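Structure at a glance
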Amino acid sequence: MRADLQGLTAYQVADASGLVKLDAMENPYPLPDHVREQWTQRLHGLAVNRYPDGRAAGLKHRLRTVSGLGRQHALLLGNGSDEILQIVMLALAAPGACMVTVEPGFAMFRIIARFAGLRYVGVPLGAAFSLDAKAMVATIRRERPALVLLAQPNNPTGNAFAADALRQVVAAAPGLVVIDEAYAAFADRDCLGWLDEYPNLLILRTLSKMGLAGLRLGYAMGAANWVDALDALRLPYNINVLTQEAALLALEHYAAFQQQADLIRAERERLAAALSRVPGLRVFPSQANFVLVRVPGGQAPRWHEALRGRGLLVKNLDGSHGQVADCLRITVGTPEENEALLHALLAIAAN
Ligand SMILES: *Cc1c(COP(=O)(O)O)cnc(C)c1O
């Protein structure tokens, strides 16, 4: 085993059995009924004795249509967007190369960088979790990173960065820039249109947060020269037949998933307003399908455990980074789940 990997442990997933799961940004709604009915028929006819279409041409075509990707740009598919991040980092991890991102950010960025062998440089977020363009540009000038990677909206903070700050960062990057839009469906705007302006930009998306986390399908969009070069590192048949067929079907009913996303957005606003009335809670603005809250100092473990005791699982971020000390990350659930959460929080706050 490589010496630098000793001590690395498998990705930890909290045991959620019997709990309302509000910890992992899943869509709380099941597959729409009319999609579910066709699901079994479509899977029934599949030749699972054969390898899948290695290029997943049909699925790519459909993804292009629903995302409005121009012909001049290309698509790369991954077994979840995590796999695409892995492909990107493996491809860029030349000796001495590094990546620059913000902190607090998505935990997988650092984990994948570590095993891909890409040196990781994290730049702290500014006030109110804003993108500190000045610090980012200074770091980019100093480090000359092979990769600049940002989630927009950001996880775990939930906010979207100002477009002008983001543009300054993208323009300063000497190498590849990946904007991870895992939460695009819940945000007011996205950066897909920027692909025409920045030939070194990839936009990363996933079906996970839209209601298909179990399928594991992520995709990157950008210039064909980048996408084709990265495609060479993709393992053959990484998107299995079941995922290809199920995703294809789901995308034929894309409007139903967008409707769910709109429901979640509306519910996020309602939840955030109600959370801000819980004594002791501070609520941060969100453009994603989760809300970040801060509990009174030193109380995060107690609130987190008390919620679990009442059957609700959220993510405790306390201890993961200084800027999210005392913070819990709450995925937006169904109205009933959110009501249960609010009830529980009010009881915990009164204790
Ligand atoms: C959840 C998340 C992902 C993971 O997406 P998968 O497609 O499920 O692998 C990627 N990036 C960010 C920022 C996320 O929050």
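Summary of the structure given here. Here the structure is a predicted model, which means the values were calculated and not measured.

Side note on the site of the ligand
Taken together, the neighbourhood of the ligand is formed by 13 residues, with Asp180, Tyr183, Thr206, Ser208 and Lys209 sitting nearest. Between the ligand and Asp180 there is a distance of 2.5 Å, counted from a nitrogen atom to a side-chain nitrogen or oxygen. Interatomic distance of 2.6 Å between a side-chain N/O atom of Thr206 and an oxygen atom of the ligand. Look at the ligand: alone it shows 390 Å² of surface, and the protein chains cover 94% of it. Partitioning the shell around the ligand into residue classes produces 4 nonpolar, 5 polar and 4 charged.

Some remarks on the packing of helix H10 (residues 300-309) against helix H11 (residues 335-349)
It is the contact of H10 with H11, at a shortest axis distance of 10 Å, that shows an interaxial angle of 130°. Comparing their axes, H11 and H10 come out oblique. When you trace H10 past H11, the crossing you get is right-handed. Listed contacts from H11 to Arg302, Trp303, Ala306 and Leu307 of H10 are Leu341, Ala344, Leu345, Ile348 and Ala349. Looking at side-chain class alone, the contact of H10 with H11 contains 8 nonpolar, no polar and 1 charged residues.

A closer look at the packing of aromatic side chains
Under the criterion given, the structure shown has 5 aromatic pairs. For the pair Phe106 and Phe109, a centre-to-centre distance of 5.4 Å together with 90° between the ring planes defines the contact as edge-to-face. Pair check on accessibility: Phe106 and Phe109 agree, each one buried. When the centroid spacing of 5.3 Å and the interplanar angle of 75° are considered together, the rings of Tyr183 and Phe290 count as edge-to-face. Of this pair, Tyr183 sits in the loop between strand S6 (176-180) and strand S7 (201-206) while Phe290 sits in strand S10 (residues 290-294), and the two are 107 residues apart along the sequence. No difference in accessibility class separates Tyr183 from Phe290, as the two residues are buried. The lysine or arginine in question, Arg167, covers the ring of Trp194, its NZ or CZ lying 4.4 Å from the ring centre.

Describing the sheet that holds S6
If you walk across this open sheet you meet the 7 strands as S2-S8-S7-S6-S5-S3-S4, and the pairing is mixed. Taken across any chain shown, the strands that pair with only one partner, and hence form the sheet edges, are strand S2 (73-78) and strand S4 (119-124). Taken pair by pair, the neighbouring strands of this sheet meet at an average axis angle of 20°, ignoring direction.

Topic: the pattern of salt bridges
Considering all chains together, one arrives at 18 salt bridges under this definition. The closest approach of N and O atoms between Glu103 and Arg110, which form a salt bridge, is 2.8 Å. The class for Glu103 is buried, based on a relative accessible area of 15%. In this structure Arg110 comes out as partly exposed when scored by relative accessible area, which is 45%.

A short note on the sheet that holds strand S12 (residues 315-316)
The sheet built from 4 strands is open, its strands ordered S9-S10-S13-S12 with antiparallel pairing. Strands at the two margins of the open sheet, each flanked by one partner only, are strand S9 (282-283) and S12. Across 2 bridges, the pairing between S9 and S10 is antiparallel. Residue pairing in the sheet places Arg282 in a bridge with Arg294 of S10. Lying over the sheet, helix H9 (residues 254-275) contacts S9, S10 and strand S13 (327-331), oriented at roughly 10° with respect to S10.

Focus: the environment of Leu149
Locating Leu149 in the fold gives a position in strand S5 (residues 147-151). Separated by 130 residues in sequence, Leu149 and Pro279 have C-alpha atoms that sit 36 Å apart. Setting aside chain neighbours within four positions, we find Leu149 in contact with Leu85, Met89, Met99, Val100, Thr101, Val102, Phe109 and Val178.

Remarks on the nonpolar core
With 59 residues, the main nonpolar core has Leu59, Leu131, Met136 and Ile179 as its most contacted residues. Counting residues per element, this core draws most heavily on helix H8 (residues 241-252), which supplies 6 residues. Leu271, Leu275, Val295 and Leu328 belong to the second-largest nonpolar core, a separate cluster that totals 31 residues.

Considerations on unusual backbone geometry
A cis amide bond links Glu103 with the next residue in sequence, Pro104, at an omega value of -5°. Locating Pro104 in the fold gives a position in the loop between strand S3 (98-103) and helix H4 (107-116). Of note in the backbone geometry, Arg216 takes a positive phi value of approximately 60° without being a glycine. Summarising the element assignment, Arg216 is placed in the loop between S7 and strand S8 (218-223). The class for Arg216 is partly exposed, based on a relative accessible area of 30%.

Rules behind the numbers
Residues numbered from 1 in each chain as written. Predicted model: local features only at pLDDT ≥ 70, side-chain atom pairs only at ≥ 80, totals over all residues. Heavy atoms only, no water. Near = heavy atom within 4 Å. Polar contact = N/O pair within 3.5 Å; in protein donor to acceptor, adjacent residues only side chain to side chain. Areas by Shrake-Rupley, 256 points an atom, 1.4 Å probe, with all protein chains shown as cover. Nonpolar A, V, L, I, M, F, W, Y, C, P; charged D, E, K, R; others polar. Axes fitted to C-alpha atoms, helices over the stretch in contact; angles between N-to-C directions. Helix = DSSP H or I, 4+ residues; strand = E, 2+ residues; numbered from the N terminus. Parallel < 35°, antiparallel > 145°, perpendicular 65-115°, else oblique. Left-handed = near helix turned anticlockwise from the far one by under 90°. Contact = heavy atoms within 4.5 Å. Phe/Tyr/Trp six-rings, centres within 6.5 Å; stacked < 30°, edge-to-face > 60°. Buried < 20%, exposed > 50% of the residue type's maximum accessible area, 1.4 Å probe, protein only. Lys NZ or Arg CZ within 6 Å of the ring centre and 35° of its normal. Pairing = 2+ DSSP bridges. Salt bridge = Lys/Arg side-chain N within 4 Å of Asp/Glu carboxyl O. Core = buried A, V, L, I, M, F, W, Y, C linked by side-chain atoms within 4.5 Å.

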